[in-house]
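# Descriptive structure summary
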Amino acid sequence: MLAPTQILDQLKARLVETLDALPLVDGNEREGGGHSALVSVILSLPRLPTGAPQLDGRQFQFLHGHGTEIRAGYGCAAEWEAEGTNRLQALASVADALRGRWHRADPDESGFDAFAMLGFAASAEASPQVEDHLPNAILWVPEIGLRVHEGDAALVLSAILPTNRARLRACWTAALERLVPNLYRPFPDPFMTASLERDFAEPDFGGWSTLVDDALARIADGGLKKVVLSRRLDVTGPRCFDIGRLVGALGCLFPSCQIVNLRRNGKSFVAATPERLLSQRGTRLTVDAIAGTAVRAETVERDAELTLALRNSDKNLREHQFVIDAITEALSNCCDRIATPAQPQVMQLSNAQHLWSPIEAVTRSGNNVFQLAERLHPTPATNGQPRDRAREWLRVGEPFDRGWYTGAAGIIEPDLTGELWVLLRCARVCANRAELYAGGGIVAGSDAVSEWDETEAKLQAMLTALQYA
């Protein structure tokens, strides 16, 4: 087994061999083209990393299945920000312009490709909070990326053009030296559990009850079918939260969830989400419909009873059907062969269980991740139905701006396909403080106490993990 220093030396030698063949001035650049161009080199890793390490500076991680599926990025080769109602169209224009100007070399024939991160806040109109560390929407190409899939791994080095070989070699060598030794360090053990102090909650239970009553009245008069109310909870720990340990704890506690970490300006936005907004591979599209929730029980017998009750709950089945109907309607003008399961499955997590229907479709020509996300976000699982009325009701009624909670983030391939995840079960973390978010869907038949208990169960996902961080 190669030592990390040997792997680093091997990668640096392979990089030198590859640099001479790279186009470091884009053809359109010579002609005065106005768009950016990128160059990337993909280098196979001879040994699987132990995980995606936490380094200083900007980074993002998407981890699944105890690290068997990793997409991570460090530093910044290029990034574009957008806001407002046309934010995704603006970023799509950038990505589309890059399609023929992203020069990739895969000398090891790894089969991997370069990638970017796409992410956006819940609302296109909302400005970032004063203390927020993320823009409203961003397309981010990391300087060095890590991909792990089905037992293989590779690093992706990227830079914006034009550049020169000396500068590129110096920057990429430094990036390798910073990352590679950390790829093979033992994964940090969790700390002993610590008590967390609840500092601030918005709304409190009284405010929550009022919101639920107002929502039910709006549903009763026919203005809404469903609306998703959210809570914010601020907590303080006795020590600065260790993001590596937090990500590790979430991965252990919720192995079927996508663990997300977006770190900029010394702050992290961390999520353990069960819900894909979409996954597009070629023309094949998968969208998760998740709505309808029950808690878990300590005994097998009681847990089975709760699962059966969830499957047969009129209230939860109606809530779930709203999401299915909205997704199929959103896809009807851009997809063929839309297939919905006859009955929802039950997705069981350690702290909750949800009705889940993975919806499959075939996309028509010309539909990419940006356009599909525009159609699908926000779904009734995080917003409500009808979509525009629910969004307006929440804009006025919810007492805080959601920021990136219930937004989405994921990986974009150079051909504009990829995968996006709805940002749920999440927290914004800085030093020893964390802001947690959770929500519940209100439909006819909902009551404030049950929905409050549901949000408590959802908040417990991040609260438990933070105790070990």
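Residues numbered from 1 in each chain as written. Predicted model: local features only at pLDDT ≥ 70, side-chain atom pairs only at ≥ 80, totals over all residues. Heavy atoms only, no water.

The next subject is the overall build of the protein. In terms of regular secondary structure, the protein is built from 11 helices and 23 strands. Counting all 469 residues of the protein, 57% fall into the buried class. Sequence-distant contacts in the protein: of pairs separated by 6 or more residues, those separated by 24 or more amount to 78%. Entry remark: accessible area of the protein is about 19,000 Å², with carbon and sulfur atoms responsible for 50%. (Helix = DSSP H or I, 4+ residues; strand = E, 2+ residues; numbered from the N terminus. Buried < 20%, exposed > 50% of the residue type's maximum accessible area, 1.4 Å probe, protein only. Contact = heavy atoms within 4.5 Å. Areas by Shrake-Rupley, 256 points an atom, 1.4 Å probe, with all protein chains shown as cover.)

On to the side chain of Arg-87. Relative to the helices and strands, Arg-87 is located in helix α3 (residues 87-98). Look at Arg-87: it is buried, it has no salt bridge, and the nearest opposite charge is Glu-374 at 6.4 Å. Polar side-chain contacts of Arg-87 include one of 3.5 Å to the backbone oxygen of Ser-123. In this structure, Arg-87 is in contact with Ala-82, Phe-120, Ala-121, Ala-122, Ser-123, Ala-124, Asn-136, Ala-137 and His-377, ignoring residues within four places of it in sequence. (Lys, Arg positive; Asp, Glu negative; His and termini not counted. Salt bridge = Lys/Arg side-chain N within 4 Å of Asp/Glu carboxyl O. Polar contact = N/O pair within 3.5 Å; in protein donor to acceptor, adjacent residues only side chain to side chain.)

Turning next to the pattern of salt bridges. Overall, the coordinates contain 33 salt bridges when judged by the stated rule. Between Arg-232 and Glu-435 there is a salt bridge, and its shortest N-O distance comes to 3.6 Å. Taken as a pair, Arg-232 in strand β11 (residues 226-236) and Glu-435 in strand β23 (residues 433-442) lie far apart in primary sequence, 203 residues in all. Judged by its relative accessible area of 13%, Arg-232 falls in the buried class. One salt-bridge network, in which partners are shared between bridges, spans Arg-232, Asp-234, Arg-428, Arg-433 and Glu-435.

Considering the arrangement of structural elements, one finds Asn-351 in the loop between β17 (345-348) and β18 (352-363). According to the relative accessible area criterion, Asn-351 is buried, its value standing at 13%. Taking the C-alpha atoms as reference, Asn-351 lies 7.1 Å from Lys-458; in sequence the two are 107 residues apart. A polar contact is formed between the side chain of Asn-351 and the backbone oxygen of Ala-457, at a distance of 2.6 Å.

The next thing to look at is empty space enclosed by the protein. Applying the stated criterion to the full structure yields four cavities of 30 Å³ or more. When its volume is computed, the largest cavity comes out at roughly 220 Å³. Forming the walls of the largest cavity are 22 residues, and the residues nearest its centre are Ala-381, Leu-424, Arg-425, Gly-439 and Lys-458. Of all the secondary-structure elements, those providing two or more residues to the lining of the largest cavity are β11, β15 (284-295), β23 and α11 (448-467). Broken down by element, the residue count for the lining of the largest cavity peaks at five residues, all from β23. Considered class by class, the residues forming the lining of the largest cavity number nine nonpolar, seven polar and six charged. Here the second largest cavity is characterised by a volume of approximately 80 Å³. In this structure, the second largest cavity is lined by Trp-80, Ala-95, Leu-98, Trp-102, Ala-116, Leu-139, Val-141, Ile-412, Glu-413, Pro-414 and Leu-416. Listed by contribution, the elements that provide at least two residues to the lining of the second largest cavity are α3 and β7 (137-141). Among the residues making up the lining of the second largest cavity, the classes are represented as 10 nonpolar, no polar and one charged. (1 Å grid on protein atoms, 1.4 Å probe; cavity = no way out; pocket = protein on both sides within 12 Å on 5 of 7 lines; lining within 4 Å. Points joined across faces, edges and corners; volume = space filled by probe spheres on them. Nonpolar A, V, L, I, M, F, W, Y, C, P; charged D, E, K, R; others polar.)

Another point: the packing of aromatic side chains. Under the criterion given, the structure shown has seven aromatic pairs. Ring geometry for Phe-205 and Trp-452: centres 5.3 Å apart, planes at 90°, overall edge-to-face. Of the two residues, Phe-205 is situated in helix α5 (residues 205-220) and Trp-452 in helix α11; the sequence distance between them amounts to 247 residues. Both rings, one in Tyr-405 and one in Tyr-437, keep their centres 5.5 Å apart while their planes meet at 15°; by these two values the pair is stacked. Remark: Tyr-437 occurs in strand β23 and Tyr-405 occurs in the loop between α10 (387-397) and β20 (408-412); sequence separation between them is 32 residues. (Phe/Tyr/Trp six-rings, centres within 6.5 Å; stacked < 30°, edge-to-face > 60°.)

A few words on the confidence of the model for the protein. Caution is warranted with low-pLDDT regions, since their predicted coordinates should not be read in detail. Counting all residues, the mean pLDDT for the protein is 93, and 96% of those residues have values of 70 or more. Predicted confidence for residues 29-33 stays below pLDDT 50, and this span has seven contacts to residues more than four positions away or in other chains. (pLDDT = per-residue confidence, 0-100.)

A few words now on the nonpolar core. With 69 residues, the main nonpolar core has Leu-262, Leu-278 and Leu-331 as its most contacted residues. In contact with Leu-278, other than residues within four places in its own chain, are Leu-285, Thr-286, Val-287, Val-369, Leu-372, Ala-373, Leu-376, Gly-418, Glu-419 and Leu-420. (Core = buried A, V, L, I, M, F, W, Y, C linked by side-chain atoms within 4.5 Å.)

So, about unusual backbone geometry. With an omega of -5°, the peptide bond between His-377 and Pro-378 qualifies as cis. Topologically, Pro-378 is positioned in the loop between α9 (369-376) and β19 (384-385). Although it is not a glycine, Arg-337 sits at a positive phi angle of roughly 50°. What makes Arg-337 exposed here is its relative accessible area of 66%.

Our next topic: the side chain of Thr-406. Turning to its location among the elements, Thr-406 is positioned in the loop between α10 and β20. When sequence neighbours within four positions are dropped, the list of residues in contact with Thr-406 reads Ala-122, His-377, Thr-382, Val-422, Leu-423 and Leu-424.

Over its 12 residues, α3 extends 17 Å from the first C-alpha to the last, a length consistent with the 16 Å expected when each residue adds 1.5 Å. Taken together, the buried positions of α3 are Arg-87, Leu-88, Leu-91, Ala-92, Ala-95, Ala-97 and Leu-98. In this structure, the buried side of α3 is in contact with β1 (37-44), β4 (78-82), β5 (102-105), β6 (116-120), β7 and α9. (Expected span 1.5 Å × (residues − 1).)

It is worth spelling out helix α6 (residues 243-253) at this point. The buried fraction of α6 amounts to nine of the 11 residues, a majority that puts the element mostly inside the structure. In the core, the buried residues of α6 are packed alongside β2 (59-64), β12 (258-264), β13 (267-273), β22 (426-430) and α11. A side-chain oxygen of the first residue of α6 lies 3.0 Å from the backbone nitrogen of Gly-244; this N-cap is Asp-242.

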